[in-house]
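This is what each chain is made of:
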Amino acid sequence: MTLIGDYFRELSRSAVTGWNRFWFTPQDPATLGLIRILAGAMLFYTHLVWSLDLAGFFGSSGWLAPEALTTAYGDARALFWSHWHWIDSPVAMWVAHLAALVIFALFTVGLFTRVVSILAWLLTVSYAHRVMPAALFGLDDINVMLAMYLMIGPSGAAYSLDGWLAQRKGRAGQGGTASSVSVKVAIRLMQIHLCIIYLFSGLGKAMGETWWDGSAMWLAVANYEYQSIDLTWLADWPAILSLFAHVTVAWELSYPALVWPRLTRPLVVAMSVPIHLGIALFLGMMTFGLVMIIANLAFVSPGVVRTVLDRTTTGQGRGDASAK
Amino acid sequence: MARRSTQRSNPTRDRTAPALAQSNDRAEPPIPLLSVRLRVLLSTAIAYHLMAVFIGAWIGSPPTSPFADQVVRPFRAYIAAADLNHGYRFFAPNPGPSHLFRYQLTFADGSTQDGYFPSRTEHWPRLLYHRYFMLSENLNILRPRSPTAEDQAAIEEEALQPFRAMAQSYAAQLLRAWGAAQIDWQVVRHYQPAPADVLAGRPLTHDDYYEPLERGSLKREEQ
C-alpha cells in the first residue's frame, strides 16, 4: 500500500509541477508578435474580399436570407450572435465593414493592440456567424482560432507600432522582449488547438476508404472546382499519388504526439510547409494553406524568430537563444 | 496577468545558437509567478476551454455518439458563441465530387441568360470564388441522401425543405441581382474522372461527369 501511495503522491506532485511549468512560465513574445503580423494580414485580406459582395453575403436579402437559414438549420442559429443581424441599410453596412477593415489593419501593424485584438476576434466571429455554415471553409476556422489566442496573449508586445512607440517614449527598454505568462498561455492554447485540429483531420480521413486505397489524392487533384494547377498528369503515377495520401494521413495522425518532443518537432513542423503549400498552390486554397502554415509558427521558438527577423531587418544575426 | 521582465541576453556574449524548436521546458525550473488562487482559476478556464475545443471538433461532423451528445451539453453555448463548432474533417472521409448551382434567368422581354456558380472564369479572386463554391457545396450537405438512386427519387418533399429553402434563397438573390422575371435552377454534381479516362485524353469537364440533381424555379412575384 505504501508503494501505491508513494506512486500517487509522486504522480500528483509531478502533474502539478509539470502543469505549472507548461502553462505558467514566462515566454518571450516574439513568436506571438510574428503570428500577429501574418494572421492580422490574413484577417484583413479575408474580410477585404467580403467587400466584393458585401450586401450579397451579409445583407438580410442576400444569398443567405435569415428565414432560409432558420428553415435549413433550425433554432440552433440563435446562439450565433452577429452584429450583421442588426445592420441592414447599405450605408450602415459599409460603415461597419470599413471600420472592421481599419481594426484589422491596426491589429496587423500592432497599434492599440490590446483593444483592437479583442475587437478583431469579436469581428472575426461575428462575420463567420452571419454566413455560417454556408459560405465558410477551413480558412475561417483557423482565422477564428488565431484571433482568439492573439487576443488572449499580449500579441502587440513585439514587432508592433505599440512597442516602437513605447520604446521611443522610453517605456520599453527591453525592445519588446519582456516575457510574460500570458504569452505562454496563448502560445500553448494555439499549440494544443492545432494538435486537436490535426487529430480530427487525420481521424476523419482514416474513416474514408480512399485514404486507405490511396485514391484520395487523385480525387483531390482531379476535382475541377478545387484545381488551380493541373496535376492530372500524375494519373500515370498511381504509386506516387497514393504515397502522398498515406503520408498526409500519417503526418496528421502523428502530429499531436511527435510535435512535442524536441528532436521530432522541427521535422513535424517542417512537413507542414510542403503539405499546406501543396493545398495552397494546387487545390486553389492559397489562403487556407498559408493560414495553416502561420498557425504552425506557434511551435517555432522565440529565439529562432528573433534571430531570423533581426537578421532580416538589421542585416545581422542576433543570437538570443536565452529568450524563452 | 502578472509579468516578469527578463534581461535580454547580450548578443555579443551569447554564443548559444537558438533552439530550432521550442523545448519541452523540461530543463526549466518552475517559476510560480502567479498566486495559487490565480493559477487554479486560470487552470480551470484553460481546461474548460480545451475541453470545449475537443468536444466541438468531436461533434462538429457526423457521425456522433449518444455519449458525445450528452457530454457536449455544458459546453454547447460556449462552443457556439466562441465559434468552436468545427469538425476539422478536411477532405474527409473521402474527397467527394463538387456541386454547381446552374440557372437560367428569364427577363421581362422574354430573353434568357444562363449562368452557374462557382465559375473559375467569372469569380475572382480565388477566395471569392471559394465563397460561392461553398454556397453550392452547402446545398449538397443539406440534401437528404438515400442509398440508391431509386430511393432518392422517393425522398419526401418535407425532407427536402432545408435544401429547398437555401436553394430558393440563392435563386432570389440572383433574381434581384439581375432584375429578371424568373429563374430556373438546378443543382448539378460534378464527378472526378478515373485516371484512365484522363490518360485517354478526356477533359475533367466532359458532359459525362455531370449529374443533374434537384431542380426548382422562382418568379419575381413569388419573392
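Everything numeric in this text was worked out from a predicted model, so none of it was measured.

Asker: Can you help me understand the overall build of chain B in this one?
Answerer: Looking only at helices and strands, chain B features 7 helices and 4 strands. Mapped from its N terminus to its C terminus, chain B presents α and β elements in the order α-α-α-β-β-α-α-α-β-α-β. Of the contacts made within chain B by residues no fewer than 6 positions apart, 65% connect residues no fewer than 24 positions apart.

Asker: Teacher, can you tell me more about the environment of A:L161 here?
Answerer: Residues and elements named next belong to chain A. Relative to the helices and strands, L161 is located in helix 8 (residues 161-168). Take L161: there are 15 C-beta atoms within 10 Å of it, and that puts it in the partly exposed class. Along the primary structure L161 and F112 are separated by 49 residues, whereas in three dimensions their C-alpha atoms are 8.3 Å apart. Discounting chain neighbours no more than four positions away, the residues touching L161 are V109, G110 and L111.

Asker: Can you help me understand unusual backbone geometry in this one?
Answerer: Only a minority of non-glycine residues have a phi that is not negative, and only a minority of peptide bonds are not trans. Look at the link from B:F117 to B:P118: it is a cis peptide, with omega at 0°. Locating B:P118 in the fold gives a position in the loop between strand 2 (112-117) and helix 4 (126-142). Following B:W124, the chain continues to B:P125 via a peptide bond in cis, the omega torsion being 0°. With respect to the element layout, B:P125 can be found in the loop between strand 2 and helix 4. Phi at A:F112 takes a positive value of approximately 55°, unusual for a residue other than glycine. One can find A:F112 in the loop between helix 5 (90-109) and helix 6 (113-131). Its 16 C-beta neighbours within 10 Å are what place A:F112 among the partly exposed residues.

Asker: Even after reading the chapter, I still don't get the interface of chain B and chain A, so can you show me in this structure?
Answerer: Accessible area lost on assembly of the parts is the figure often given for the size of an interface. In this assembly, 81 residues from chain B lie in contact with 91 residues from chain A. Per-class residue counts for the side of chain B that touches chain A are 46 nonpolar, 22 polar and 13 charged.

Asker: Sorry, what's going on with the nonpolar core here?
Answerer: Nonpolar side chains tend toward joint burial in soluble globular proteins. All names here are of chain A. A120 and L146 are the most contacted members of the largest nonpolar core, which totals 133 residues. Sorting elements by how many residues they give to this core places helix 9 (residues 181-206) first, with 13 residues. Not counting the four nearest positions on each side in its chain, L146 is found in contact with I35, A39, I294 and A295.

Asker: What exactly am I supposed to notice about the confidence of the model for chain A here?
Answerer: The predicted coordinates ought not to be read in detail in places where the model reports low pLDDT. In this model, chain A carries an average pLDDT of 93, and 95% of its residues clear a pLDDT of 70 or more. In this model, residues 317-324 of chain A is a region of pLDDT below 50 whose contacts with residues beyond four sequence positions or in other chains number 42 contacts.

Asker: So what exactly am I meant to see when it comes to the pairing of strand 1 (residues 98-106) of chain B here?
Answerer: Two faces, one strand: in a regular strand the side chains alternate between the faces of the sheet. Residues and elements named next belong to chain B. Summarising the sheet, strand 1 and strand 3 (residues 182-190) pair through 9 bridges and their orientation is antiparallel. Pairing of L100 across the sheet is with V188, part of strand 3. Pairing geometry for strand 1 and strand 2, over 6 bridges, is antiparallel. Bridging from a neighbouring strand, T106 pairs with T112 of strand 2. The antiparallel hairpin formed by strand 1 and strand 2 contains 5 residues in its connecting segment, where G110 sits at a positive phi of about 90°.

Asker: What is the right way to read the packing of helix 5 of chain A against helix 6 of chain A from this model?
Answerer: The description of two packed helices rests on the angle between their axes and on the distance between the axes. Residues and elements named next belong to chain A. Between helix 5 and helix 6, whose axes approach to 9 Å, the crossing angle comes to 130°. Taken as axis vectors, helix 5 and helix 6 run oblique relative to one another. Relative to helix 6, helix 5 is oriented so that their crossing is left-handed. Side by side, helix 5 and helix 6 meet where A100, I103, F104, L106 and F107 of the first sit next to T113, V116, S117, L119, A120 and L123 of the second. Broken down by class, the residue content of the contact of helix 5 with helix 6 amounts to 9 nonpolar, 2 polar and no charged.

Asker: When you look at the packing of helix 4 of chain B against helix 6 (residues 161-178) of chain B in this model, what are you seeing that I'm missing?
Answerer: Residue and element names in this part refer to chain B. Look at helix 4 against helix 6: their axes get within 8 Å of each other, and the N-to-C directions meet at 160°. Relative to helix 6, helix 4 is oriented roughly antiparallel. With respect to the hand of their crossing, helix 4 and helix 6 are arranged in left-handed fashion. Touching L135, N138, L139 and L142 of helix 4 are P162, F163, M166, A167 and Y170, all from helix 6. Looking at the contact of helix 4 with helix 6 residue by residue, the class counts come to 8 nonpolar, 1 polar and no charged.

Asker: Is there a simple way to explain the sheet that holds strand 1 of chain B in this structure?
Answerer: Pairing between the strands of a sheet is mediated by backbone hydrogen bonds and can be parallel or antiparallel. All names here are of chain B. Taken together, 4 strands build an open sheet; the order of strands is 2-1-3-4 and the sheet is antiparallel. In this open sheet, the two edge strands, each paired with only one partner strand, are strand 2 and strand 4 (210-219). When the angles between neighbouring strand axes are averaged without regard to direction, this sheet yields 20°. Pairing analysis gives 8 bridges linking strand 3 to strand 4, with the strands arranged antiparallel. Residue pairing for strand 4: H190 is matched across the bridge by Y210. Relative to strand 1, helix 4 is tilted by about 100°, and along the sheet it contacts strand 1, strand 2 and strand 3. Contacting strand 1, strand 3 and strand 4, helix 6 runs over the sheet at an angle of about 65° to strand 4.

Rules used in this analysis
The residue numbers shown here count from 1 along each chain, following its written sequence. Here chains are named by letter from A upward and ligands by number from 1 upward, in the order in which they appear as written. Thresholds applied to this predicted model are a pLDDT of at least 70 for local features of residues and 80 or more for the giving and counting of side-chain atom pairs; totals over whole chains, interfaces and linings are not thresholded and use all residues. The numbering of helices and of strands both runs from the N terminus, where a helix is a DSSP run of H or I of at least 4 residues and a strand a run of E of at least 2. Contacts here follow a simple rule: the backbone-placed C-beta atoms of the two residues must lie within 7 Å. Note on burial: count the other C-beta atoms lying within 10 Å of the residue's C-beta; 20 or more is buried, 12 or fewer is exposed, in between is partly exposed, and C-beta positions come from the backbone. Put simply, Ala, Val, Leu, Ile, Met, Phe, Trp, Tyr, Cys and Pro go in the nonpolar bin, Asp, Glu, Lys and Arg in the charged bin, and everything else, Gly too, in the polar bin. Any nonpolar core is a set of buried residues, restricted to Ala, Val, Leu, Ile, Met, Phe, Trp, Tyr and Cys, that join up through C-beta atoms within 7 Å. Per residue, pLDDT captures the predictor's confidence, and it can take any value from 0 to 100. When DSSP finds two or more bridges between a pair of strands, those strands are recorded as paired. Lines are fitted to the C-alpha atoms to define the axes, a helix being fitted only along its stretch in contact, and any angle between axes, read from their N-to-C directions, falls within 0 to 180 degrees. Each angle receives one of four descriptions, namely roughly parallel if under 35 degrees, roughly antiparallel if over 145, roughly perpendicular if within 65 to 115, and oblique otherwise. Helix crossings get a hand from a simple test, with the near helix turned counterclockwise from the far one by less than a right angle marking a left-handed crossing and a clockwise turn marking a right-handed one.

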